[in-house]
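Fold and contact review
This is what each chain is made of:
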Amino acid sequence: MTLLNTTNVVKRFGGLVAVNKMTFSVDEGRIVSIIGPNGAGKTTFFNSLTGIYKPEEGQITFKGQSLIGLRPDQVAATGIARTFQNIRLFGSMTVIENILVGMHIQLKQGGLDTIFRTRKFNQEENDAEQRAKDLMEYVGLKNVGNELARNLPYGGQRRIEIARALAANPTLLLLDEPTAGMNPNESEDAIKLFRRIRDDKGITILMIEHDMRVVMGISEHISVMDYGEKIAEGSPAEIRSNQRVIEAYLGRGAAVAHEQKA
Amino acid sequence: MKSITENPVYKFLLFPIGQILIFALGASVVLSLVTVLLAFIFKFNVTDFDLVERTMLILPQVVINGVTIGFVYATIALGYTMVYGVLEFINFSHSEIFMVGGIVGIQLMAYFEHIGTLATMNEYLVIALAIILAMVVSGSLAVVVERLAYKPLRGAPKLVPLISAIGMSFFLQDIVRLILSLTTGEFNVILPKFGTFDEFWKLAVPGMEDPLRIQIKSAIMVGVAVLMLVGLNYLVNGTKVGKAIRAVAQDRPSASLMGINVNQIISITFLVGGTLGGAAGVLFALKATKLDPFSGFFPGLKAFTSAVLGGIGNLTGALLGGLVLGLLESFAASYLGIFTNGAFGAEYKDIFAFAILILVLIFRPSGLLGQTVGQKA
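Residues numbered from 1 in each chain as written. Chains lettered and ligands numbered in written order. Predicted model: local features only at pLDDT ≥ 70, side-chain atom pairs only at ≥ 80, totals over all residues. Heavy atoms only, no water.

This next bit is on the overall build of chain A. What chain A contains, in helices and strands, is 11 helices and 10 strands. Rg of the C-alpha trace for chain A: 20 Å, near the compact-globule value of 18 Å for 262 residues, within the 12% margin. Considered along the principal axes of its C-alpha atoms, chain A spans approximately 75 × 40 × 35 Å. Per-residue burial for chain A yields a buried fraction of 52% across its 262 residues. In chain A, the share of contacts with a sequence separation of at least 24, taken over all contacts with a separation of at least 6, comes to 65%. Carbon and sulfur atoms make up 49% of the accessible area of chain A, which totals about 11,900 Å². (Helix = DSSP H or I, 4+ residues; strand = E, 2+ residues; numbered from the N terminus. Rg over C-alpha atoms; globule rule 2.2 N^0.38 Å. Buried < 20%, exposed > 50% of the residue type's maximum accessible area, 1.4 Å probe, protein only. Contact = heavy atoms within 4.5 Å. Areas by Shrake-Rupley, 256 points an atom, 1.4 Å probe, with all protein chains shown as cover.)

Here we come to helix H5 (residues 119-138) of chain A. Residue and element names in this part refer to chain A. For H5, built from 20 residues, the straight-helix expectation of 28 Å at 1.5 Å per residue is met to within 8% by its first-to-last C-alpha distance of 28 Å. Listing the buried residues of H5 in full gives Phe121, Glu125, Ala128, Glu129, Ala132, Leu135, Met136 and Tyr138. Among the residues trailing H5, Gly140 stands out with phi positive, at a value near 90 degrees. (Expected span 1.5 Å × (residues − 1).)

Here we take up the nonpolar core. B:Phe71, B:Ile131, B:Tyr150, B:Ile260, B:Phe270, B:Leu319 and B:Phe331 are the most contacted members of the largest nonpolar core, which totals 118 residues. If one sorts the elements of this core by residue count, helix H2 (residues 51-87) of chain B sits on top with 20 residues. The contact partners of B:Ile260, leaving out residues within four places of it in the chain, are A:Asp73, A:Val101, A:His104, B:Ala244, B:Ala247, B:Val248, B:Ala255 and B:Ile265. Of all hydrophobic cores here, the second largest spans 38 residues; its members include A:Tyr138, A:Leu152, A:Ile191 and A:Val214. (Core = buried A, V, L, I, M, F, W, Y, C linked by side-chain atoms within 4.5 Å.)

Residue and element names in this part refer to chain A. One open sheet accounts for 6 strands, arranged E6-E7-E8-E3-E9-E10; its pairing is mixed. Of all the strands in the sheet, the pair left with one neighbour each is strand E6 (80-82) and strand E10 (229-234). For this sheet, the mean inter-axis angle between neighbouring strands, taken without regard to orientation, is 20 degrees. With 3 bridges joining them, E6 and strand E7 (residues 172-176) adopt parallel strand pairing. In the sheet register, Ala81 faces E7, and the bridge partner there is Leu173. (Pairing = 2+ DSSP bridges. Axes fitted to C-alpha atoms, helices over the stretch in contact; angles between N-to-C directions.)

Here we take up the interface of chain A and chain B. Taken together, the contacts link 33 residues of chain A with 26 residues of chain B. Together, the buried faces of chain A and chain B total about 2,500 Å²; carbon and sulfur atoms form 55% of this surface. Note that B:Asp251 and A:Arg88 form a salt bridge whose closest N and O atoms lie 2.9 Å from each other. Applying the counting criterion to the chain A and chain B interface returns 8 residue pairs in polar contact (both at pLDDT 80 or more). Secondary structure elements with two or more residues in the side of chain A that touches chain B: helix H2 (72-77), helix H3 (95-102), helix H4 (111-116) and H5 of chain A. Of the residues assigned to the side of chain A that touches chain B, the class counts are 13 nonpolar, 9 polar and 11 charged. (Buried area = accessible area lost by both parts, 1.4 Å probe. Salt bridge = Lys/Arg side-chain N within 4 Å of Asp/Glu carboxyl O. Polar contact = N/O pair within 3.5 Å; in protein donor to acceptor, adjacent residues only side chain to side chain. Nonpolar A, V, L, I, M, F, W, Y, C, P; charged D, E, K, R; others polar.)

All names here are of chain B. Along its 21 residues, helix H3 (residues 94-114) runs 30 Å from first to last C-alpha, staying within 8% of the 30 Å computed at 1.5 Å per residue. For H3, the tally of buried residues reaches 16 of 21 residues, placing the bulk of the element in the interior. Directly beyond the C-terminal end of H3, a positive phi value near 85 degrees is found at Gly116.

A separate point is the packing of H3(A) against H5(A). Residues and elements named next belong to chain A. At a minimum axis separation of 9 Å, H3 and H5 run at an interaxial angle of 110 degrees. In this view, H3 runs roughly perpendicular relative to H5, as classed from their interaxial angle. Across the interface between the two elements, Val95, Ile96, Ile99 and Leu100 of H3 pack against Ala128, Glu129, Ala132, Lys133, Leu135 and Met136 of H5. Considered class by class, the residues forming the contact of H3 with H5 number 8 nonpolar, no polar and 2 charged. (Parallel < 35°, antiparallel > 145°, perpendicular 65-115°, else oblique.)

Residue and element names in this part refer to chain A. Overall, antiparallel pairing links the 4 strands, which are arranged E2-E1-E4-E5 in an open sheet. With partners counted over all chains shown, the strands left at the sheet margins are strand E2 (16-27) and strand E5 (65-66), one partner each. Together, strand E1 (2-13), E2 and strand E4 (57-62) form the strand contacts of helix H1 (residues 42-49), whose direction differs from that of E1 by roughly 115 degrees.

On to the pattern of salt bridges. With the rule as written, the count across this model stands at 22 salt bridges over all chains. In this structure, the salt-bridge partner of B:Lys158 is B:Glu88, at a minimum N-O distance of 3.1 Å. On the criterion of sequence distance, the pair formed by B:Lys158 in the loop between helix H4 (123-150) and helix H5 (159-183) and B:Glu88 in the loop between H2 and H3 is long-range, its members being 70 residues apart. B:Lys158 sits in the exposed class, given a relative accessible area of 56%. Connected through salt bridges with shared partners, the residues A:Asp27, A:Arg30, A:Arg198, A:Asp199 and A:Glu220 form a single ionic network.

Another aspect to go through is the domain arrangement of chain A. Residue and element names in this part refer to chain A. If you check the domain split of chain A, you get domain 1 (2-79 + 170-261) and domain 2 (95-169). Here the C-alpha centroids of domain 1 and domain 2 sit 28 Å apart. Taken together, the contact pairs 20 residues of domain 1 with 12 residues of domain 2. Across the domain 1/domain 2 interface, buried area totals approximately 1,200 Å², and carbon plus sulfur atoms make up 67% of it. (Domains from an automatic or database assignment.)

Here the focus is unusual backbone geometry. Residues and elements named next belong to chain A. Positive phi outside glycine occurs at Tyr227, with the angle close to 45 degrees. Note on placement: Tyr227 falls in the loop between strand E9 (221-226) and E10. By relative accessible area, which is 67% here, Tyr227 ends up exposed.

If you walk through the whole model with that rule in mind, you get 16 aromatic pairs over all chains. Considering the side-chain rings of A:Phe13 and A:Tyr53, the 5.2 Å spacing of their centres and the 80 degrees angle between planes classify their relative orientation as edge-to-face. Residue A:Phe13 is located in strand E1, and its partner A:Tyr53 is located in the loop between H1 and E4; the two are separated by 40 residues in the primary sequence. What makes A:Tyr53 partly exposed here is its relative accessible area of 26%. Ring centres of B:Tyr10 and B:Phe15 lie 6.1 Å apart, and the angle between their planes is 50 degrees; on these two criteria the pair is classed as tilted. The class of B:Tyr10 is partly exposed, set by a relative accessible area of 26%. Cluster of aromatic residues (ring-pair linked, three or more members): B:Tyr80, B:Phe92 and B:Phe304. The ring of A:Phe84 carries A:Arg88 above its face, with NZ or CZ at 5.4 Å from the centroid. (Phe/Tyr/Trp six-rings, centres within 6.5 Å; stacked < 30°, edge-to-face > 60°. Lys NZ or Arg CZ within 6 Å of the ring centre and 35° of its normal.)

Shown next, in the form of structure tokens:
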């Protein structure tokens, strides 16, 4: 079943067409990647999906509901969570607090309950805290709940970002270069984590990734963007041998040479 | 097993009150020591009386006055600092929000006097009602001001909303003046006389000849301000809304992607800041007994100085800055004349406040406690 569907999405910045007629879909329960050279418009496309940018043209539907015109918080409420290319944690909040912010949508906290700290309020708060701790453990963080997020090492911060995104109980998780800056071992762990997220929680994953080992290792479906357009899509094997993709990455000359060698 | 620091009673009641006490006591003690030291230095300048003895004699009263006004400054300063934390701009119309709170409070009391119930009503109830009304009016006004004057300018260069805020400040002054002149024809709003607030509690302190005199309204001012500060601390650190405010302060786009409605949170920030300002307005009115449409300006400017002194964007800093500034001002007002043999008088106290602002900006631009709330991740 199609979870996310975009039709002819166009996003311009002045004269620059950053995303051009992007038609794209993600099936439920899949792990899907978008790849492409730097500046291909991948992150802009993500930002258009999540309501940070308003696309000039085209349709975006998620679970059959249009996302066009929704604010980022409304998009988040439909069940889309994301992480960022450059880690964007709330650095001077603790790890637990970061994850609790991720639960913002689900927490009710009535006004009077909050003032008088009723049993209901305490119950909800304890549950939320417990869930945050479980999520921390799920992504492989231990005993760092009360540390300030900015004091954690890079890999740890990446994990918090994922835990924070999971805290919102999303249906679709958008990961923007989740393994950027990781060494091969860390990437390997990350791949395992993403698989687990999909398998245990049934969360559909859409990611932008540069590390081809990660992309080819985990994706079930790959779309390739170049100059704002989708130039190819298919299974990892198909993409690996696609002429236009090789051209986009290596340049036409190199692609010809590659072909002659093959 | 939860540790003591996670116990809500400790976290939201004992800790903030302890912090307030430590700040108030610490600032008082430090400034008192400096003053006494100065008294010894200037001792030989003054020949007609013993300077040290005179200094010690009025010291407790000076401290009490300073702490009282310091809490009012702190309460106003929180409005500046919260808005700065979230939007990174100085809401210069906050001083008028504060003034409106004070005038609304006085007008309510004047209304009770007019219908003749003021003398028979419980005096504390009157003050509580005045404060609540001022909080509602100032809080709503702050939200409306944000919607009208700042929201359309979000995303504009930082100078633009700043100018808009200054314009809003003049606009509010003149609107209040217009309303007052249309309704009462009198710009000065005078606190009606009622109750026993002007009387003093006398605390006999062992080792001192005269008892310590605490005016009842000073106690009310401190009490209400502490209540506000504790409430704010709970809101910011103990609730979902507070977490959302802090998240928006640190990174607005990511906060919105976590499902936080940023506009709503900004409105709440203005609401809370305005509410505190309104309450502070009534407290200030109790002390000043007379307000006019322009009387928000100086307290507002001093509260802003407090916020900068403590580290703008930092809530704890605003509290400390307010207390330090109130005390400094009180010390300056009382001792400048004595120490300089009358060359300077109490009227020079404002110079002190703003000299502090300049010194802080030169030597420690991030303020006493640095900046935490507005910090970008």
